[in-house]
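Per-entry structural report
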Amino acid sequence: MQLRIGFGVDVHQLVENRPLIVGGVTVPSSHGALGHSDADVLLHAICDALLGALNLRDIGFHFSDKDPAFKDIDSKILLERTFSLVTERGFFLVNLDSTVILERPKLNPFIPQMQQTIAQILNVSQDCISIKATTHESVDSFGTGAAIKAYSTVLLQKLD
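These notes cover the structure that comes with them.

Procedures and definitions
- Residues numbered from 1 in each chain as written.
- Predicted model: local features only at pLDDT ≥ 70, side-chain atom pairs only at ≥ 80, totals over all residues.
- Heavy atoms only, no water.
- Phe/Tyr/Trp six-rings, centres within 6.5 Å; stacked < 30°, edge-to-face > 60°.
- Helix = DSSP H or I, 4+ residues; strand = E, 2+ residues; numbered from the N terminus.
- Buried < 20%, exposed > 50% of the residue type's maximum accessible area, 1.4 Å probe, protein only.
- Salt bridge = Lys/Arg side-chain N within 4 Å of Asp/Glu carboxyl O.
- Pairing = 2+ DSSP bridges.
- Axes fitted to C-alpha atoms, helices over the stretch in contact; angles between N-to-C directions.
- Contact = heavy atoms within 4.5 Å.

Moving on to the packing of aromatic side chains. Inspection of the entire model under this criterion finds two aromatic pairs. Look at F7 and Y151: their rings are 6.1 Å apart centre to centre, the planes differ by 25°, and that puts the pair in the stacked class. Residue F7 is found in strand β1 (residues 3-16), and its partner Y151 is found in strand β7 (residues 147-158); the two are separated by 144 residues along the sequence. For Y151, a relative accessible area of 30% translates into the label partly exposed. Note on F63 and F70: the rings are 5.4 Å apart at their centroids and 85° apart in plane angle, and the pair reads as edge-to-face.

On to the pattern of salt bridges. Applying the stated criterion across every chain, the model contains six salt bridges. K132 is the salt-bridge partner of D97, the closest N and O atoms lying 2.5 Å from each other. Of this pair, D97 sits in strand β5 (residues 91-101) while K132 is found in strand β6 (residues 129-134), placing the two residues 35 residues apart along the sequence. K132 sits in the partly exposed class, given a relative accessible area of 36%. Connected via shared salt-bridge partners are R18, K71 and D72.

Attention shifts here to the sheet that holds β1. In space, the five strands of this open sheet follow the order β4-β1-β7-β5-β6, with mixed pairing throughout. Each edge of the sheet is formed by a strand with only one pairing partner; in this case those strands are β4 (31-33) and β6. Averaged over all neighbouring strand pairs, the angle between strand axes comes to 20°, with direction disregarded. Bridge count between β5 and β7: ten bridges; the pairing is antiparallel. Within β7, the residue paired with V100 across the bridge is A150. Docked against the sheet, helix α1 (residues 41-53) engages β1, β5, β6 and β7, running at close to 155° with respect to β1.

Below, the structure is given as structure tokens:
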């Protein structure tokens, strides 16, 4: 049995006049994440964790922010493409654990929908997808509402 662990992290600045999309879910907010794609910080961290587990570099290597094909792309598509790289190599997801750091709005009401969205893309049951949300207690750029960050860890297993 071959197991692989991957870790991913992503950060985006928060700005006005952008939607806030986290875990494939649009969260009502006065500010959204700035980025070349839809700037879904959670899905980007998950992509990096999946890629890292198999030594496939990072999300920027596969989906460059210099490539106009990825301008404003839905990050669910990026996660689907990333996961296809995982399954092509004979691996499947055992579980995923993530934390999103955001001062406001509160993400807890949206976590079940995020879990459902991600579980469907990664072809696992919802109980394999752990998502937690926390604040930075009004400290630094995350605590002042200027940025959003996500961490993700995945465990992959090779199919026999």
